[in-house]
Amino acid sequence: MKLAALVLGLCATLAVADEPAWRTSWDGTLYGYANTTSLRGDSVLNPGNRIAHLAQRSEVAELRMNLKAENESVRLTARPIALIRETHNAFGSERYDDAYLSQWQVRVRAAEGWNVAAGRDVLNWGPAQFRSPSSPFYFDNGRQDPMRELVGMDSLKLTWTPDMQSSVSLVRVVRSGHGATQPDAWRDNWQMSWLMKFDRRGDEWAYGLVAAKAADRAAFLGAHGQATLSDALMLYGEVGSSVLARALQSPADAAQPFTVLSASPRRITALVGSSYTFEDGKSLAVEYLHEGHGYTSAQESAYFQRATNNPGMALGLAPRQLGRDYVHLVMQSNQMDERGFWRLMYTRNLTDGSKEIAAYGEAVLNNRISAFGLVLLPQGNAQQEFSALSRRSITLGLKIALP
Amino acid sequence: MHSAMFKGKAMTRFLCALSILSLAQSAWAAPDAQGILKDSDQARGGGLPGIVWEIKLASRDGDKVDEPQRLIVKATDNSSVAEVQEPARSKGTKLLQVERNMWLTRPGLSKPIPISPRQRMSGQASNGDIAATNYAGDYEAQMNGTEAIDGEPCHVLDLVAKHKRTTYDKIRYWVSVKRGVALKAEFISLSGKLLKTARFDYENAIEHEGKRIPFVSKMTIRDALIDAETTMQFGAVKVNKVAASEFDLGQMQ
């Protein structure tokens, strides 16, 4: 790692010496938003909010910046974030301040078609909206919450791009980035791992192949692809084959206890989807997810029954999705329209029948200021996935573009 | 003998003259439509190793005037990446187009979003209009006479799409006889309905292979069905080879 950083530094120095013409730019967005969440009084996983201590109200002020300096050979980018968050629940109020680099990168064009980069990179890809089965690091891709910011993985990357159609990347993942803000056991397990990615694009299609390996765990294999069938219709899919580092086993017989495996059996997770764009630019996407690591209906039912006596273990070690099969619908306005944006989402867990309806809207007030709102409405009872913790959540805010 | 030789030489001269005349006549009668199209593409960014330009977009729909946009576009014949500079709230948003595949990304977005060709920028400009023009690669051209535009004689070319990746099915294209640049275009649907008209100005110039080439400075697109108009002003034009990595989704941070 140190040697690679030294080589990168040397390349950058040589390139800088050759190319004095730097272009610099910066911009940022200042966010101010408040959330109110109505928690379930009868929650099995979080009775009386004693397990998770979730916020019932919060106010956030956040500055997200983008800095860039580049010449013909070297590009430096950074995305620093500073935030102040005040949270309130029945136990009291808490204030949390933080400042960190969500992403940064030094990229050097080492030779024709070859780039070397070091930094904190969001190693996420693929066309799916609901989840990203083809990424070993970001299964929950954050697309359901437009306010959420993914923190990158600290990594070194060598990329060969011989032409417009192909690219190959070899990445050494060092650690999971800024863990304090978004602690993530799943991503932390990929410290000091290798990632290889191959991408290919044709006239109307694109696909990527992914392989990741850490020293003490089984390899992850993934693939994603998309086809543009017409001006309006796209088909796409993502698949991943993985062994999870920790798996909470929930036998269908509720009389048996939870057991925790240090490595799950290898399972396939796959998502297929299609999107259709209407004449006015609105689009409808339909996705189906099969999560091989999820529980069957009987296992999920037994999970909630066991959680009555052991909610801490049930919530703390819960699998990334409780169910096995999901449908996700997204209807949204033209994403390239500068005048505003809205997005309606409907997700159904086909294993337990719970649903979540979400709506996000953004209205442009002037060329710098936009107002936005996000409403989440879980539908179901306390022993179903989407409705296990809360009844509704509402976020309202403003964002101001800088400079 | 002498007479026979004289007759032979005269016949050879006659045949040569006839061939030259015939070649000249055929050239005069049918100028090479595809060649004219290819030459005219250069003044709109086509056939170059790569081009970087700034586009200012202003759109009007009836009395409603849209917010102006400013983009930096890097393009080759079949790929382009446009980065929004203004309005400030959209700065850093990038639209990547490789063949018929398109993705949208912006700072902080968890991953690029694939979008269909039907999702285009607001106003009358299509995604193809902001990229380099490669009509010679995308369309079959046929000569359809000559006609003057603002008093300037033009070849009239009928263009028919060679494949379904094109933005428009058919185009009628007026190319100046003298300057070799397109002055007007009519964009036509497969059924023959006129969708939009465009006019072009060439107050920019680029240097390429030791030649100074006039280059598009303004494109005005008017909707044929409703009262709407978009003006694109092209500036800061540079002919540059654009590296393939600029169009690689994994390197767009």
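Residues numbered from 1 in each chain as written. Chains lettered and ligands numbered in written order. Predicted model: local features only at pLDDT ≥ 70, side-chain atom pairs only at ≥ 80, totals over all residues. Heavy atoms only, no water.

S.K.: Describe the overall build of chain B, naming the residues involved and giving the relevant values.
M.R.: What chain B contains, in helices and strands, is 4 helices and 16 strands. Looking at chain B as a whole, 53% of its 253 residues are labelled buried. (Helix = DSSP H or I, 4+ residues; strand = E, 2+ residues; numbered from the N terminus. Buried < 20%, exposed > 50% of the residue type's maximum accessible area, 1.4 Å probe, protein only.)

S.K.: An account of the overall build of chain A is needed here, citing residue identities and associated values.
M.R.: Of the regular secondary structure elements, chain A holds 4 helices and 20 strands. A compact globule built from 403 residues should have a C-alpha radius of gyration of about 22 Å, and chain A, at 22 Å, falls within 12% of that. For chain A, the spread of C-alpha atoms along the three principal axes comes to 70 × 50 × 45 Å. The proportion of buried residues among the 403 residues of chain A is 50%. Long-range pairs, those at least 24 residues apart, make up 58% of the contacts in chain A with a sequence separation of at least 6. Within the structure as shown, chain A displays about 17,500 Å² of accessible surface, and the carbon and sulfur contribution to it stands at 60%. (Rg over C-alpha atoms; globule rule 2.2 N^0.38 Å. Contact = heavy atoms within 4.5 Å. Areas by Shrake-Rupley, 256 points an atom, 1.4 Å probe, with all protein chains shown as cover.)

S.K.: Break down helix α2 (residues 33–42) of chain B for me, with residues and values.
M.R.: Those residues of α2 of chain B not exposed but buried are Ala-33, Ile-36, Leu-37, Ser-40, Asp-41 and Gln-42 of chain B. A distance of 3.3 Å separates the backbone nitrogen of Gln-34 of chain B from a side-chain oxygen at the start of α2 of chain B, and that oxygen is part of Asp-32 of chain B. (Polar contact = N/O pair within 3.5 Å; in protein donor to acceptor, adjacent residues only side chain to side chain.)

S.K.: Go over the interface of chain B and chain A with me, naming the residues and quoting the values.
M.R.: Counting residues at the interface gives 52 residues for chain B and 68 residues for chain A. Between chain B and chain A the total buried area reaches about 4,900 Å² when both faces are included, carbon and sulfur atoms providing 43% of it. The tally of links between chain B and chain A comes to 8 salt bridges. Ionic pairing is found between Lys-68 of chain A and Glu-83 of chain B, a salt bridge with its closest N-O pair at 3.7 Å. Inspection of the chain B/chain A interface yields 29 residue pairs in polar contact (both at pLDDT 80 or more). Broken down by class, the residue content of the side of chain B that touches chain A amounts to 20 nonpolar, 15 polar and 17 charged. (Buried area = accessible area lost by both parts, 1.4 Å probe. Salt bridge = Lys/Arg side-chain N within 4 Å of Asp/Glu carboxyl O. Nonpolar A, V, L, I, M, F, W, Y, C, P; charged D, E, K, R; others polar.)

S.K.: An account of the nonpolar core is requested, with residue identities and associated values reported.
M.R.: Trp-53, Leu-159, Ile-171, Tyr-173 and Phe-200 of chain B are the most contacted members of the largest nonpolar core, which has 53 residues in total. Excluding its chain neighbours within four sequence positions, the residues that come into contact with Phe-200 of chain B are Arg-44, Tyr-173, Ala-182, Leu-183, Lys-184, Ala-185, Val-216, Lys-218 and Met-219 of chain B. Counting residues in hydrophobic clusters, the runner-up holds 15 residues, among them Tyr-138, Leu-195, Ala-212 and Ala-214 of chain A. (Core = buried A, V, L, I, M, F, W, Y, C linked by side-chain atoms within 4.5 Å.)

S.K.: Summarise empty space enclosed by the protein; cite the residues concerned and give the values.
M.R.: To find the voids left in a structure, one rolls a probe of water-molecule size over its atoms. Applying the stated criterion across every chain yields a total of 3 cavities of 30 Å³ or more. In this structure, the second largest cavity spans a volume of roughly 120 Å³. Along its surface, the second largest cavity is lined by 15 residues, and Gln-129, Ser-275 and Gln-332 of chain A together with Ile-113 and Pro-114 of chain B are the ones closest to its centre. Counting only elements with at least two residues in the lining of the second largest cavity, the list comes to β11 (233–242), β14 (267–277) and β15 (283–291) of chain A together with β7 (113–115) of chain B. Here the lining of the second largest cavity takes 3 residues from β7 of chain B, the largest share from any one element. (1 Å grid on protein atoms, 1.4 Å probe; cavity = no way out; pocket = protein on both sides within 12 Å on 5 of 7 lines; lining within 4 Å. Points joined across faces, edges and corners; volume = space filled by probe spheres on them.)

S.K.: A description of the pairing of strand β20 (residues 390–402) of chain A should follow, citing residues and the corresponding values.
M.R.: Alignment of strand β1 (residues 23–39) of chain A against β20 of chain A, held across 12 bridges, turns out to be antiparallel. Note that in β20 of chain A the partner of Thr-36 of chain A across the bridge is Ile-394 of chain A. (Pairing = 2+ DSSP bridges.)

S.K.: Quick one: what's the story with the pattern of salt bridges, residue by residue and with numbers?
M.R.: Per the counting criterion, the structure on display carries 39 salt bridges over all chains. Between Arg-23 of chain A and Glu-72 of chain A there is a salt bridge, and its shortest N-O distance comes to 3.4 Å. Taken as a pair, Arg-23 of chain A in strand β1 and Glu-72 of chain A in the loop between β2 (57–70) and β3 (74–89) lie far apart in primary sequence, 49 residues in all. Residue class for Arg-23 of chain A comes out partly exposed when judged on its relative accessible area of 37%. With its nearest N and O atoms 3.3 Å apart, the salt bridge here joins Lys-74 of chain B to Glu-246 of chain B. Here the residue Lys-74 of chain B occupies a position in strand β3 (residues 69–75), and Glu-246 of chain B occupies one in the segment after β16 (228–239), the gap between them amounting to 172 residues. A relative accessible area of 16% places Glu-246 of chain B in the buried class. Connected through shared salt-bridge partners, Glu-62, Arg-64, Arg-79 and Glu-149 of chain A make up one network.

S.K.: Tell me about helix α3 (residues 297–307) of chain A, and please be specific about residues and values.
M.R.: Of all the positions in α3 of chain A, only Glu-300, Ala-302, Tyr-303, Phe-304, Arg-306 and Ala-307 of chain A are classed as buried. Packing partners of the buried residues in α3 of chain A comprise β12 (247–249), α4 (311–316) and β17 (340–349) of chain A.

S.K.: Outline unusual backbone geometry, listing residues and values.
M.R.: The peptide bond linking Leu-402 of chain A to Pro-403 of chain A adopts the cis configuration, its omega dihedral lying at 0°. Note on placement: Pro-403 of chain A falls in the segment after β20. Residues Glu-86 of chain B and Pro-87 of chain B are joined by a peptide bond in cis, for which omega reads 5°. Looking at the element boundaries, Pro-87 of chain B is found in the loop between β4 (79–86) and β5 (94–98). In this structure, Asp-150 of chain B takes a positive phi of about 50° despite not being glycine. Since its relative accessible area comes to 70%, Asp-150 of chain B is described here as exposed. If you check the backbone angles, Ala-236 of chain B has positive phi at about 45° while not being a glycine. Among the structural elements, Ala-236 of chain B can be located in strand β16.

S.K.: Explain the environment of Thr-159 of chain A to me, using residue names and the numbers behind them.
M.R.: Among the secondary structure elements, Thr-159 of chain A is positioned in strand β6 (residues 153–160). Taking the C-alpha atoms as reference points, Thr-159 of chain A and Asp-337 of chain A, 178 residues apart in sequence, are found 33 Å from one another. Beyond its immediate stretch of four places on either side in the chain, Thr-159 of chain A contacts Gly-113, Trp-114, Asn-115, Val-168 and Ser-169 of chain A together with Asp-248 and Gln-251 of chain B. Within the structure, the side chain of Thr-159 of chain A is placed 3.3 Å from the side chain of Ser-169 of chain A, a separation counted as a polar contact.

S.K.: Could you give me a rundown of the packing of aromatic side chains, with the residues and numbers involved?
M.R.: Per the counting criterion, the structure on display carries 19 aromatic pairs over all chains. Their ring planes at 80° and their centres at 5.3 Å tell us that Tyr-135 of chain B and Tyr-139 of chain B sit as a pair that is edge-to-face. With respect to class, Tyr-135 of chain B is no different from Tyr-139 of chain B; both count as buried. Members of the aromatic cluster, connected to one another through ring pairs, are Tyr-31, Tyr-33, Phe-341, Tyr-360 and Phe-372 of chain A. (Phe/Tyr/Trp six-rings, centres within 6.5 Å; stacked < 30°, edge-to-face > 60°.)

S.K.: Tell me about a nonpolar patch on the surface, and name the residues and values.
M.R.: The grouping of Trp-114, Leu-158, Trp-160, Leu-170, Trp-194 and Met-196 of chain A at the surface amounts to a nonpolar patch, some 570 Å² of accessible area in total. Locating Leu-170 of chain A in the fold gives a position in strand β7 (residues 166–175). (Patch = residues over 30% accessible without salt bridge, like charges linked within 9 Å, V, L, I, M, F, W, Y side chains within 5 Å.)

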